[in-house]
Structures are given as C-alpha cells and as structure tokens.
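Residues per chain, in single letters:
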Amino acid sequence: QRRFETAPGEQAQVDWGQVRVWLGDERVRVHVFVMTLGFSRRGYAEGYLHERLDNLLSAHERAFAHFGGVCQAMLYDRMRTVTLGTAEDDAGVRRARLNDTFVAFAGHWGFRIRLCQPYRAQTKGKVESGVKYVKRNFIPGRRFRDLEDFNAQLAAWQAEIADVRIHGTTHQRPIERFAEEAKALMPGPGHRSFLQATVRERVVAE
C-alpha cells in the first residue's frame, strides 16, 4: 500500500481510543479523542468519560484552539456521532447519512467531512497510529487523581514528548513540521463556539 500524503492544512484525521486507567482508587474506562494533522503529524489528545456528540464537538473546538486553526477537511470512520446509518440517494445508491448537527458544526467551522470507505479503516492510518502512540507511550505506569489530572498530564506529555520526538515516517519533529502547516490552516482563534452559539439560539427561540 502507498501511504497517502496531504499538503499542509489539507486534512486532519479524527478517532477515539479507549484505555482503562486508575482515576483515584477506581479503574475507569477513559475515551481518548485524538486529532492528527496529516502533513505535520502533530496531534491533539484529550480524555472524556463518554463519546457523546457534545464531547466530540467540544474536543474538536479545543483541538482547533490548540492548533490555532482548522484544516480544510476532516477524515472519520463511520462513528455513530458523525453518521446515522445509510440511505439511498437519487440514483438508488446507498450512502452514509450524516448527522445533521455534525453537518451544521462542520459548516460553522468551514471544514469538509470525509468518511473512510466501508471496511477500509486503514485509510485513517495516521490518527490510528496517533491513538496507538498515546496508549503505548503515555498510559503505561501512570496513575491519575481524576480526569482533570489525566488531561493535565496528557497535555504536558504532548508538549514535552509527542511534539518534539522524531516521527518515524516524516523523520522530523512534528512541532517543527507544524511551523509550515500552521500557515495553511483556516482561521480558528476568535471564531465563536458552535456549542455556545447553539445554546444562545435556543434560548432566544424560546
């Protein structure tokens, strides 16, 4: 298989990974959101207790703030918060039916939604590698007071380890390669949060 490379700011890949960790005295399943930029391989990761839509949207917005911008397209597998099964188009072909709220979110931030082909999850291999990297290099040997401590340690690890390692594919440090990609990202800082905008609109409508 030939690895598919993208230009700076062209695409990011998104996925969840699950880990069981100690939060205080309890073993808890934490769902780790990971977004990997296709060109630089710089990643953003954050832990949540669920993979609900509100957490997915919040994680996106925190990733956009972390990177200082948004890629032109985002690649997903057929996660239930992005797609709602399939439906026939006008030509009678069954296609994935997108979640209307997620479509509105993508429109709000200006990115295109791209989906992996069925049974072709390797299409998003960059983020899958990012999930494995978090599991194998961040999790082992760590304990956490609570989810807040988990994310504080994860953020420090990303800045001190993940961003500055020599990447096995690009043979460059993600943070150095990101310097070129950052210039190509669509503006993100100062953009109004979709979640806050939705809450305001509902309150006004009532």
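Before any of the text, the structure's been laid out above.
Residues numbered from 1 in each chain as written. Predicted model: local features only at pLDDT ≥ 70, side-chain atom pairs only at ≥ 80, totals over all residues. Heavy atoms only, no water.

This structure, assessed with the given rule, holds 6 salt bridges. With a closest N to O distance of 3.7 Å, Asp54 and Arg52 form a salt bridge. Linking Asp149 and Arg145 is a salt bridge whose minimum nitrogen-to-oxygen distance equals 3.6 Å. Using a relative accessible area of 9% as the deciding quantity, one classes Asp149 as buried. (Salt bridge = Lys/Arg side-chain N within 4 Å of Asp/Glu carboxyl O. Buried < 20%, exposed > 50% of the residue type's maximum accessible area, 1.4 Å probe, protein only.)

This part covers the side chain of His60. Here His60 is to be found in helix 1 (residues 53-67). A distance of 2.7 Å separates the side chain of His60 from the side chain of Tyr76, its partner in a polar contact. With residues up to four places along the chain from it excluded, the contact list for His60 reads Val14, Phe33, Met35, Tyr76, Phe102, Phe105 and Phe111. (Helix = DSSP H or I, 4+ residues; strand = E, 2+ residues; numbered from the N terminus. Polar contact = N/O pair within 3.5 Å; in protein donor to acceptor, adjacent residues only side chain to side chain. Contact = heavy atoms within 4.5 Å.)

What follows covers unusual backbone geometry. Positive phi outside glycine occurs at Arg41, with the angle close to 70°. Of note in the backbone geometry, His171 takes a positive phi value of approximately 60° without being a glycine. Residue placement: His171 occurs in the loop between helix 4 (147-160) and helix 5 (174-182).

Close contact between helix 1 and helix 2 (residues 100-109) brings their axes to 11 Å; oriented N to C, the two are set at 15°. Judged on the interaxial angle alone, helix 2 and helix 1 are roughly parallel. Note that helix 1 runs across helix 2; the crossing there is right-handed. Packed against helix 1, whose contacting residues are Leu53, Leu56, Leu57, His60, Glu61 and Phe64, the element helix 2 presents Thr101, Phe102, Phe105 and Trp109 at the interface. Among the residues forming the contact of helix 1 with helix 2, the class breakdown is 7 nonpolar, 2 polar and 1 charged. (Axes fitted to C-alpha atoms, helices over the stretch in contact; angles between N-to-C directions. Parallel < 35°, antiparallel > 145°, perpendicular 65-115°, else oblique. Left-handed = near helix turned anticlockwise from the far one by under 90°. Nonpolar A, V, L, I, M, F, W, Y, C, P; charged D, E, K, R; others polar.)

Turning to its location among the elements, Leu57 is positioned in helix 1. Along the chain, Leu57 and Ser193 lie 136 residues apart, while their C-alpha atoms are 9.6 Å from each other. Residues in contact with Leu57, not counting those within four places in the same chain, are Thr101, Phe102, Phe105, Phe194 and Leu195.

Here the focus is the packing of aromatic side chains. The full count for this structure, using the stated rule, is 15 aromatic pairs. With centroids separated by 5.4 Å and ring planes inclined at 90°, the aromatic side chains of Phe105 and Phe194 adopt a geometry described as edge-to-face. In this pair, Phe105 sits in helix 2 while Phe194 sits in helix 6 (residues 194-205), placing the two residues 89 residues apart along the sequence. In this structure, Phe105 and Phe194 share a single accessibility class: buried. Ring geometry for Phe138 against Phe150: centres 5.6 Å apart, planes inclined by 85°, an arrangement best described as edge-to-face. You can see Phe138 sitting in the loop between helix 3 (125-137) and helix 4 and its partner Phe150 sitting in helix 4, a full 12 residues away along the chain. Its relative accessible area of 0% is what places Phe138 among the buried residues. Residue classification places Phe150 among the buried residues on the basis of a relative accessible area of 0%. The rings of Phe64, Tyr76, Phe102, Phe105, Trp109, Phe111 and Phe194 are connected pair by pair, giving a single aromatic cluster. Across from the ring centre of Phe39, 4.0 Å away, lies the NZ or CZ of Arg177, which sits over that ring. (Phe/Tyr/Trp six-rings, centres within 6.5 Å; stacked < 30°, edge-to-face > 60°. Lys NZ or Arg CZ within 6 Å of the ring centre and 35° of its normal.)

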